[in-house]
Amino acid sequence: MKQRNFRLVLAALLCALLLLPAVAHADTGPKPSVRVRFTGLGDRLCYATLLSEKSSTGPSSAYDGNPAHAQYQEICDWCVLDEATWRAFVNYTDPDGYYFLQEGWQVSDTEELAWTYYPPNRFKVLLYFPDSGAFLSSEKLETYAFHSYFDADVSAQQLTTSKNQAASDAASAAIEVERNYRYTAEVVSLLVRIVITLAIELLLALLFGLRAKKQFLTVTVVNVVTQVLLNVALFFVNYRSGFLAFTFYYVLLELAVFAIEAVLFCRLLRRNEAKPSRTRIVLYALCANVTSFAAGLALANVIPELF
C-alpha cells in the first residue's frame, strides 16, 4: 500500500514538472506595462509619450537621423503619430537627456497612455499640445510593479505657446504623476480565489466521504491555512513579476501544498475512529489541488479585468 501511494504522489509530481518548461519559456504571455491616467485635459488636443532613460527598449528606439528608421503614420502602417506630431517629439530636448522612442498616443479622448509592450523602466511622461506647441513633462519616474499604474492631473497647468526650443524648454512645466496601483481589483481577486478554492476543496471532501465532524473540521482548518498562505504568496509574485510568473509559481507552490496536505491529512484524519484509507486521502488531496489550481488560475486572469 505504501509503495502504491508513493507511486501516485510521484506520478503527480512528474506530470506537474512536465508543465513547467512550457510555462517558463512561453513567449506569448503578458508583457510588462505602464499606464498613465490623465485628468484635467479638458477639450485640448493632446498627445503623450514616455521619454526613456535608455535609447531603446524592446522594439522601440530613438530616431537616429536615418529617414529609413523614422516611424510615423505616413510611412508606417502601425504608427499612431502623424509626421508633424512625430517631428515635434523628435525635436524636443529633454534637460536630463531622456529619449523619445518614437512611440506616442493621442490621449485627448481616452485620457490614458497605455504602453503595454516593453515600456521603459525609467522614464518621464511627456505631453504635447499641437494647438499651442507646448509641452508638459513629469519628473523622473520608474516602474514599480509588473503592471505599473500612474495618475496625472494637468488641470492646474498653464500652457504657453512655444515656437522655438528656448521657449519650449521654458514651457515644459513639471506635472505631478502619482502611483496608483489597482489594489482593489487585485485584493478582490485574492479574496474571491481563496473563498472559491476553499469551497471547491470542501465540497470534494464531502464527495470523498470525509464527512465526520472531526474529519471535516480538520480538512477545513488545513485548507484555510494552506490556501491563504498560497494565495498571499501569489499576490506578491503577480505584483512584482506578472501573470506568467504567477502561473509558474502557482504550479510549484500548488505541488508543495499538495504534498503538505497529503502528509497532514494522512496523519490527522487517520487519528479518528473512522479511518479513511491513505489512498483515498492522497487522491482527495490530489483532486482538490488540481481542481482549485484550475479554478484559481482562471479567476486570477478574469476578476481584475472586471474592475
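My aim in this report is to walk through the structure given alongside it, one point at a time. Being a predicted model, the structure only gives us computed values, none of them experimental.

### A short note on the overall build of the protein
Counting its regular elements, the protein contains seven helices and 13 strands. Per-residue burial over the protein gives 45% buried out of 307 residues. Counted over contacts in the protein with a minimum sequence separation of 6, partners at least 24 positions apart contribute 77%. When the accessible surface of the protein is totalled, it reaches about 16,200 Å², and 59% of it is carbon and sulfur.

### Remarks on the side chain of Ser148
Turning to its location among the elements, Ser148 is positioned in strand β11 (residues 147-153). Of the polar contacts made by the side chain of Ser148, one reaches the backbone oxygen of Ala145; its length is 3.0 Å.

### Side note on the state of the cysteines
Under the definition given, this model contains one disulfide. One disulfide bridge connects Cys76 with Cys79, the sulfur atoms lying 2.1 Å from each other. Between Cys76 and Cys79, the S-S dihedral sits near 80 degrees, and the bridge is therefore right-handed. Residue Cys76 is classed as buried on the basis of its relative accessible area, which comes to 4%. Judged by relative accessible area, which is 13%, Cys79 ranks as buried.

### A closer look at helix α2 (residues 83-91)
What sets the pattern is the α-helix's 3.6 residues per turn: residues three or four places apart point alike. If you check which residues of α2 are buried, you get Thr85, Trp86, Ala88 and Phe89. The buried side chains of α2 occupy one side of the element, clustering within an arc of 160 degrees when seen end-on. α2 presents Ala84 and Asn91 as exposed residues on the side facing more than 90 degrees away from its buried surface. In the core, the buried residues of α2 are packed alongside β2 (47-52), β5 (99-100), β8 (122-129) and β9 (134-138). Backbone nitrogen of Ala84 and a side-chain oxygen of the N-cap are separated by 3.1 Å at the start of α2; the cap is Asp82.

### Some details on the sheet that holds β11
Pairing in this open sheet of four strands is mixed, and the strands run β7-β1-β11-β13 from one edge to the other. Strands at the two margins of the open sheet, each flanked by one partner only, are β7 (112-115) and β13 (177-179). This sheet shows a mean twist of 20 degrees between the axes of neighbouring strands, independent of strand direction. Looking at chain direction, β11 and β13 are connected through three bridges and run antiparallel.

### Some points on helix α4 (residues 183-207)
Over its 25 residues, α4 extends 36 Å from the first C-alpha to the last, a length consistent with the 36 Å expected when each residue adds 1.5 Å. In the segment just after α4, Gly209 is the residue with positive phi, at about 80 degrees.

### A closer look at the pairing of β2
Across the six residues that make up β2, a large majority, six, are buried. The side-chain alternation of β2 yields two buried faces, one formed by Tyr47, Thr49 and Leu51 and the other by Ala48, Leu50 and Ser52. Pairing of β2 with strand β6 (residues 105-106), which is carried by two bridges, proceeds in the antiparallel orientation. Residue pairing for β6: Ala48 is matched across the bridge by Trp105. Two elements, β2 and β8, share six bridges in a ladder whose sense is antiparallel. Within β8, the position partnered with Leu51 by the bridge is Lys124.

### Description of unusual backbone geometry
One non-glycine residue, Gln102, lies in positive phi territory at about 65 degrees. Looking at where Gln102 falls in the secondary structure, it is placed in the loop between β5 and β6. At Glu111, a residue that is not glycine, the phi angle is positive and equals roughly 55 degrees. By the element assignment, Glu111 lies in the loop between β6 and β7.

### Things to note about the environment of Gly104
For Gly104, the location among the structural elements is in the loop between β5 and β6. By relative accessible area, Gly104 is classed as buried at 4%. Separated by 56 residues in the primary sequence, Gly104 and Ala48 place their C-alpha atoms 5.6 Å from one another.

### Brief notes about the nonpolar core
The biggest cluster of nonpolar side chains holds 28 residues, and the ones touching the most others in it are Val36, Phe38, Leu41, Leu113, Val125 and Leu127. Residue assignment for this core shows that the elements contributing at least two residues are β1 (33-39), β2, β7, β8 and β11. Of the residues forming this core, the biggest block, four residues, is contributed by β8. Discounting residues that sit within four places of it in the chain, Leu41 has contacts with Cys46, Val107, Glu111, Leu127, Phe129 and Val154.

Cut-offs applied
- Residues numbered from 1 in each chain as written.
- Predicted model: local features only at pLDDT ≥ 70, side-chain atom pairs only at ≥ 80, totals over all residues.
- Heavy atoms only, no water.
- Helix = DSSP H or I, 4+ residues; strand = E, 2+ residues; numbered from the N terminus.
- Buried < 20%, exposed > 50% of the residue type's maximum accessible area, 1.4 Å probe, protein only.
- Contact = heavy atoms within 4.5 Å.
- Areas by Shrake-Rupley, 256 points an atom, 1.4 Å probe, with all protein chains shown as cover.
- Polar contact = N/O pair within 3.5 Å; in protein donor to acceptor, adjacent residues only side chain to side chain.
- Disulfide = S-S within 2.5 Å.
- Arc of directions from axis to C-beta.
- Pairing = 2+ DSSP bridges.
- Axes fitted to C-alpha atoms, helices over the stretch in contact; angles between N-to-C directions.
- Expected span 1.5 Å × (residues − 1).
- Core = buried A, V, L, I, M, F, W, Y, C linked by side-chain atoms within 4.5 Å.

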